[in-house]
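Residues per chain, in single letters:
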Protein chains: 2
Amino acid sequence: MTQVVTVRRRALEASEERAQALRRSFADTGTLVVNIISSPGSGKTTLLEATLRRLTAGHHCAVIEGDVATERDADRIRALGVPAHQILTGGACHLDARQIEAALGAARLLPADILFIENVGNLICPTTYDLGEDFKVALLSVTEGDDKPFKYPAIFARAEVTVISKIDLLPHLPFDLAAVEEQLRSLNPGAAILRTSATTGEGIEGWCELLVKRLAAKRRATGQE
Amino acid sequence: MTQVVTVRRRALEASEERAQALRRSFADTGTLVVNIISSPGSGKTTLLEATLRRLTAGHHCAVIEGDVATERDADRIRALGVPAHQILTGGACHLDARQIEAALGAARLLPADILFIENVGNLICPTTYDLGEDFKVALLSVTEGDDKPFKYPAIFARAEVTVISKIDLLPHLPFDLAAVEEQLRSLNPGAAILRTSATTGEGIEGWCELLVKRLAAKRRATGQE
């Protein structure tokens, strides 16, 4: 198993180098890049649809979709008139920086103000792979149960933003929102915690404001205001 | 990356050998072993609780819990008076056969009629790891969306049983049950498809009957009736 670990570490290091190159290039163009991670079915694509409907009036957006199989998610994004590229991992459980590079080479996604990367539905493996993003966003839907942050601590410790999604379903579920937010704060005291429902629209405006503020901050920091 | 693949294949082969040894030993004792796989929060532990409440009157049951972190799930099982061992993977995204061997060595779980293994919450990685089980069960909760079988085809093609869980929430969700069952049948025509709600109890009896029948069939096949 030591050999597995060593080889895997080397592969991770190569991937890290690619991620740093991507990060430099996103800084040059002032593109905000958001890496969205969650379990399957937490509502990543649905949140993206609601986000793009609001943001595309004033901002150029683009999306890279990661899935084991099917073009369904990219099709949903393209239906909104937003450029999207589908990466099919064919069984692999996460996206890596090389795949992002290849996607940017293959599809006309840039220039964009905001590039969203929707990772493969998996709360564990995508956590350790840097894609050159500005920050990771973790989604947790209220249907998944209120014990999840402590059961999957790595992603919630690393994500600068956690979006608690599907809050319209709260009346039908035993879900202790305060307990979840306490777990999140203990894992990552500086992270932003948002509550959203793509069905009712609740929280979507706040989430979009956060994105626009982060974009403006990046542009200021890279001298592209 | 070829080296990663080769080394990983060797590790998988070693794990396969351990799985076959486990399978022989479970055949010797006539223990039915069920490997339960789903996304985080599909209701694996809740289904197990409902199952054990029904089955333990007539059957010796035991549980191995796999999680990245926390003993919460094993504690919930032990609260029912059922022996349970918690495997903490510390970041790893699946269980493997060695961990099952070690768990059986460390905890008094056997003899048992039925051993349930609740895998790490992950719809992708656990699929390829044989734990010596009789069959895999995939859970898909209706809150995860009706596109999931085709988006995560490997597990639904391999699981002999798919349990569609949380069906009490159907009135509050856009979820096309017929479409999901059609996807499941096309991926795995011979698999059993069950619909359950641990909240209302719907479908739990049928699921328990399936387990008891499979146990009886295994005992017949291994001459231990």
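Below, the structure is looked at part by part. Keep in mind it's a predicted model, so treat the numbers as computed, not measured.

Things to note about the overall build of chain A
Okay, so step 1: What chain A contains, in helices and strands, is eight helices and seven strands.
Okay, so step 2: Seen through its principal axes, chain A has C-alpha atoms that stretch 50 × 45 × 35 Å.
Okay, so step 3: The buried share among the 225 residues of chain A stands at 56%.
Okay, so step 4: Residue pairs at least 24 apart in sequence account for 73% of intrachain contacts in chain A once pairs closer than 6 positions are excluded.
Okay, so step 5: In chain A, 26 side chains carry a positive charge and 29 a negative one; their mean positions are 3 Å apart.

Re empty space enclosed by the protein
Okay, so step 1: Using the criterion set out here, one finds one cavity of 30 Å³ or more in the structure.
Okay, so step 2: In this structure, the largest cavity encloses a volume near 30 Å³.

Things to note about the packing of aromatic side chains
Working definition: an aromatic ring pair is given by the centre-to-centre distance plus the angle between the planes.
Okay, so step 1: Applying the stated criterion across every chain yields a total of zero aromatic pairs over all chains.
Okay, so step 2: A cation sits over an aromatic face here: Arg214(A) above Phe135(A), 4.7 Å from the ring centre.

Focus: the sheet that holds strand β7 (residues 192-195) of chain B
Residues and elements named next belong to chain B.
Okay, so step 1: Taken together, seven strands build an open sheet; the order of strands is β3-β2-β4-β1-β5-β6-β7 and the sheet is parallel. Two strands bound the open sheet, and with one partner strand each, they are β3 (84-88) and β7. When strand polarity is set aside, the average angle formed by the axes of neighbouring strands in this sheet is 20 degrees.
Okay, so step 2: Strands β1 (32-37), β2 (61-67), β4 (114-118), β5 (135-141) and β6 (161-165) of the sheet are contacted by helix α2 (residues 44-55), whose axis makes an angle of about 165 degrees with β4.
Okay, so step 3: Strand contacts of helix α8 (residues 204-221): β1, β4, β5, β6 and β7, with the helix running at about 140 degrees to β1, the strand carrying the most contacts.

Considerations on α2(B)
Residues and elements named next belong to chain B.
Okay, so step 1: Over its twelve residues, α2 extends 16 Å from the first C-alpha to the last, a length consistent with the 16 Å expected when each residue adds 1.5 Å.
Okay, so step 2: For α2, the tally of buried residues reaches nine of twelve residues, placing the bulk of the element in the interior.
Okay, so step 3: Where α2 is concerned, the buried positions are Lys44, Thr45, Leu47, Leu48, Glu49, Ala50, Thr51, Leu52 and Leu55.

Quick look at the packing of α2(B) against α8(B)
Residues and elements named next belong to chain B.
Okay, so step 1: Between α2 and α8, the shortest axis-to-axis distance is 10 Å and the interhelical angle comes to 70 degrees. Considered as vectors, α2 and α8 are oriented roughly perpendicular to each other. As for how α2 packs across α8, the hand of that crossing is right-handed. Note on element contacts: α8 touches α2 through Ile204, Glu205, Trp207, Cys208, Leu211 and Val212, opposite Leu47, Ala50, Thr51, Arg54 and Leu55.
Okay, so step 2: Looking at the contact of α2 with α8 residue by residue, the class counts come to eight nonpolar, one polar and two charged.

A few points about the pattern of salt bridges
Okay, so step 1: The full count for this structure, using the stated rule, is 29 salt bridges over all chains.
Okay, so step 2: Measuring nitrogen to oxygen at the nearest pair gives 2.9 Å for the salt bridge that ties Arg76(A) to Glu49(A). Of this pair, Arg76(A) sits in helix α3 (residues 72-78) while Glu49(A) sits in helix α2 (residues 44-55), and the two are 27 residues apart along the sequence.
Okay, so step 3: Relative accessible area serves as the criterion here: at 13%, Glu49(A) is assigned to the buried category.
Okay, so step 4: The residue Arg78(B) makes a salt bridge to Glu71(B) at a minimum N-O spacing of 3.3 Å.

Side note on the pairing of strand β1 (residues 32-37) of chain A
All names here are of chain A.
Okay, so step 1: Among the six residues that make up β1, six are buried, leaving the element largely enclosed by the rest of the structure.
Okay, so step 2: Covered by surrounding structure in β1 are Leu32, Val34 and Ile36 together with Val33, Asn35 and Ile37, the residues of both alternating faces.
Okay, so step 3: Note that β1 and strand β4 (residues 114-118) share five bridges and pair parallel. Each bridged residue has a counterpart across the sheet, and for Ile36 the counterpart in β4 is Glu118.
Okay, so step 4: Relative to strand β5 (residues 135-141), β1 is paired through four bridges, and the arrangement is parallel. Bridging from a neighbouring strand, Val34 pairs with Phe135 of β5.

Criteria and cut-off values
- Residues numbered from 1 in each chain as written.
- Chains lettered and ligands numbered in written order.
- Predicted model: local features only at pLDDT ≥ 70, side-chain atom pairs only at ≥ 80, totals over all residues.
- Heavy atoms only, no water.
- Helix = DSSP H or I, 4+ residues; strand = E, 2+ residues; numbered from the N terminus.
- Buried < 20%, exposed > 50% of the residue type's maximum accessible area, 1.4 Å probe, protein only.
- Contact = heavy atoms within 4.5 Å.
- Lys, Arg positive; Asp, Glu negative; His and termini not counted.
- Charge placed at Lys NZ, Arg CZ, Asp CG, Glu CD.
- 1 Å grid on protein atoms, 1.4 Å probe; cavity = no way out; pocket = protein on both sides within 12 Å on 5 of 7 lines; lining within 4 Å.
- Points joined across faces, edges and corners; volume = space filled by probe spheres on them.
- Phe/Tyr/Trp six-rings, centres within 6.5 Å; stacked < 30°, edge-to-face > 60°.
- Lys NZ or Arg CZ within 6 Å of the ring centre and 35° of its normal.
- Pairing = 2+ DSSP bridges.
- Axes fitted to C-alpha atoms, helices over the stretch in contact; angles between N-to-C directions.
- Expected span 1.5 Å × (residues − 1).
- Parallel < 35°, antiparallel > 145°, perpendicular 65-115°, else oblique.
- Left-handed = near helix turned anticlockwise from the far one by under 90°.
- Nonpolar A, V, L, I, M, F, W, Y, C, P; charged D, E, K, R; others polar.
- Salt bridge = Lys/Arg side-chain N within 4 Å of Asp/Glu carboxyl O.

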